[in-house]
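Below are the chains, spelled out letter by letter.
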Amino acid sequence: MYTAHPDRYADLPYRRSGRSGLKLPALSLGLWHNFGPDRPVETQRAILRRAFDLGITHFDLANNYGPPPGAAESALGEALKADFTPYRDELVISTKAGYLMWPGPYGEWGSRKSVLSSLDQSLTRMGLDHVDIFYSHRFDPETPLEETMGALHSAVQQGKALYVGVSNYSAEQTRDAARILGELGTPLLIHQPRYSMLDRRPEDQGLLDTLDELQVGSIVYSPLEQGLLTGRYLDGIPEGSRAASDSPFLKSDAVTEDLVARLRALNEIAASRGQTLAQLALAWVLRGGRVTSALVGASSAQQLTDSVGAIRNLEFDAEELARIDAIVKT
């Protein structure tokens, strides 16, 4: 029988999401690619237990996480039943709808039919009566935004979600979504964009400025840039890595000699701060408190512990930031 660590709230900082009352841990656990039948159940449960013991109260999913799609939600459902039933009210559990889940015209995108059917399936897989945050996973160019946001509003009205968010929306789309939700009476809680030292689009395209203006929270995914910022690629492409398998998320030809040189330069900055490259990357997205939380994945409990070490130094001086920009942007 799992008993949570009594000091789990002692170290990890919690940040308020926008203007809401909800606080999220600075680091949240993403169950994207390590929670499926190809991974030992005990390893998955050990990661979840370690996360909660470290103060990571937020578990982030989507209907299509696995592999195969749906497997991550099913795995979490089993873990909740086995280990976390007494702690449900201490957890923030999120899921999303928008990517392909079943055949036919209703198995993806943002129609009311698709979004609400997907949520019902997600709740069944997790064995829950509600999630804490429900997202529209991507903007649907062929469905009126009023319909997609109306479906999120309905999920809250039906008691199947406490808060709603969007992911992969542009600044303009986010502004429109926030307006529609505000008119319906269900505020937009949070946006989940991709953001890292190597991917500055939320800055460059005005998304972070828009979220600041709207007082909407942010939780960023891929802060380690598909593993490039973990230190695994400091000597090229290691055997067994994502790039070595030519994953659709990280192709081997992306790991150039120039990129490896940049990663080594960033690693030198990390070492000067007493951090690993991964800890530097996480600290960088969390700097200044502008980002509410950073999503981290983990293939082991130890990897998660190492990631949490980033919180020991979240401050950057102007010279460090300038050196990072010079390395990344030149």
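Model, not experiment: these values are computed from the prediction.

**Some thoughts on the overall build of the protein chain**
Inference 1: Across its full length, the protein chain holds 11 helices and 10 strands.
Inference 2: The C-alpha radius of gyration of the protein chain comes to 19 Å, within 12% of the 20 Å expected for a compact globule of 330 residues.
Inference 3: Counting only residues that meet the buried cut, the protein chain has 55% of its 330 residues in that class.
Inference 4: Considering only contacts within the protein chain whose residues lie at least 6 apart along the sequence, 75% involve residues at least 24 apart.

**As for the packing of helix α4 (residues 145-157) against helix α5 (residues 171-184)**
Inference 1: Where α4 contacts α5, the axes come no closer than 9 Å and their chain directions differ by 55°. Classified by the angle their axes make, α4 and α5 are oblique. Pair α4 / α5 crosses with right-handed handedness. Contacts from L145, E146, M149, G150 and H153 of α4 reach α5 at Q173, D176, A177, I180, L181 and L184.
Inference 2: The class makeup of the residues in the contact of α4 with α5 is six nonpolar, three polar and two charged.

**Side note on the sheet that holds strand β9 (residues 217-220)**
Adjacent strands of a sheet form backbone hydrogen bonds with each other and so pair up, either parallel or antiparallel.
Inference 1: With parallel pairing, the eight strands of this closed barrel are ordered in space as β3-β4-β5-β6-β7-β8-β9-β10. Neighbouring strand axes in the sheet, compared pairwise and without regard to direction, differ in orientation by 30° on average.
Inference 2: Across two bridges, the pairing between β9 and strand β10 (residues 293-296) is parallel. Note on β10: the bridge partner recorded for V220 is A294.
Inference 3: Contacts from α5 reach β7 (161-167) and β8 (188-192) within the one sheet, and its direction differs from that of β8 by about 160°.

**Examining the environment of G77**
Inference 1: Position of G77 relative to the elements: it lies in helix α2 (residues 71-84).
Inference 2: In sequence terms G77 and T124 are 47 residues apart; their C-alpha atoms lie 8.7 Å from each other.
Inference 3: Sequence-distant contacts of G77, defined by excluding residues within four places in its chain, comprise R125 and M126.

**Description of the environment of L145**
Inference 1: With respect to the secondary-structure elements, L145 resides in helix α4.
Inference 2: Taking the relative accessible area as the measure of exposure, L145 reaches 12% and is therefore buried.
Inference 3: Taking the C-alpha atoms as reference, L145 lies 8.0 Å from D176; in sequence the two are 31 residues apart.

**A word on unusual backbone geometry**
Inference 1: Going from G66 to P67, the amide bond is cis rather than trans, its omega being 0°.
Inference 2: By secondary structure assignment, the location of P67 is in the loop between β4 (58-60) and α2.
Inference 3: Looking along the chain, the bond that leaves P67 and enters P68 is cis, with omega of -5°.
Inference 4: Relative to the assigned elements, P68 resides in the loop between β4 and α2.
Inference 5: One non-glycine residue, W109, lies in the positive phi region at around 70°.
Inference 6: Classification of W109 as partly exposed rests on a relative accessible area of 31%.
Inference 7: Of note, N168 is a non-glycine position whose phi angle comes to about 65°, a positive value.

**So, helix α8 (residues 257-272)**
An α-helix turns once every 3.6 residues. As a result, residues three or four positions apart point the same way.
Inference 1: Helix length check: α8, at 16 residues, gives a terminal C-alpha distance of 23 Å against a target of 22 Å (1.5 Å per residue), a fit within 8%.
Inference 2: L259, V260, R262, L263, L266, I269 and A270 are the residues of α8 that are buried.
Inference 3: Of the surrounding secondary structure, the elements contacted by the buried residues of α8 are α9 (277-286) and α11 (318-329).
Inference 4: Remark: G274 follows α8 within two positions and exhibits a positive phi of approximately 75°.

**Structural notes on the packing of aromatic side chains**
Inference 1: The final tally for this structure, using the stated rule, is eight aromatic pairs.
Inference 2: Ring geometry for Y2 against Y87: centres 6.0 Å apart, planes inclined by 65°, an arrangement best described as edge-to-face. Residue Y2 is located in the segment before β1 (14-16), and its partner Y87 is located in the loop between α2 and β5 (92-97); the two are separated by 85 residues in the primary sequence. The residues Y2 and Y87 share a single accessibility class, namely buried.
Inference 3: Judged by centre distance (6.1 Å) and plane angle (50°), the rings of Y9 and Y14 are tilted.
Inference 4: Given a relative accessible area of 39%, Y9 falls into the partly exposed group.
Inference 5: Classification of Y14 by relative accessible area gives partly exposed; the value is 25%.
Inference 6: Three or more aromatic residues joined by ring pairs form one cluster here, namely Y2, F52, F59, F84 and Y87.
Inference 7: The residue whose ring lies beneath K96 is Y135, and the NZ or CZ to ring-centre distance is 5.4 Å.

Quick notes on the rules
- Residues numbered from 1 in each chain as written.
- Predicted model: local features only at pLDDT ≥ 70, side-chain atom pairs only at ≥ 80, totals over all residues.
- Heavy atoms only, no water.
- Helix = DSSP H or I, 4+ residues; strand = E, 2+ residues; numbered from the N terminus.
- Rg over C-alpha atoms; globule rule 2.2 N^0.38 Å.
- Buried < 20%, exposed > 50% of the residue type's maximum accessible area, 1.4 Å probe, protein only.
- Contact = heavy atoms within 4.5 Å.
- Axes fitted to C-alpha atoms, helices over the stretch in contact; angles between N-to-C directions.
- Parallel < 35°, antiparallel > 145°, perpendicular 65-115°, else oblique.
- Left-handed = near helix turned anticlockwise from the far one by under 90°.
- Nonpolar A, V, L, I, M, F, W, Y, C, P; charged D, E, K, R; others polar.
- Pairing = 2+ DSSP bridges.
- Expected span 1.5 Å × (residues − 1).
- Phe/Tyr/Trp six-rings, centres within 6.5 Å; stacked < 30°, edge-to-face > 60°.
- Lys NZ or Arg CZ within 6 Å of the ring centre and 35° of its normal.

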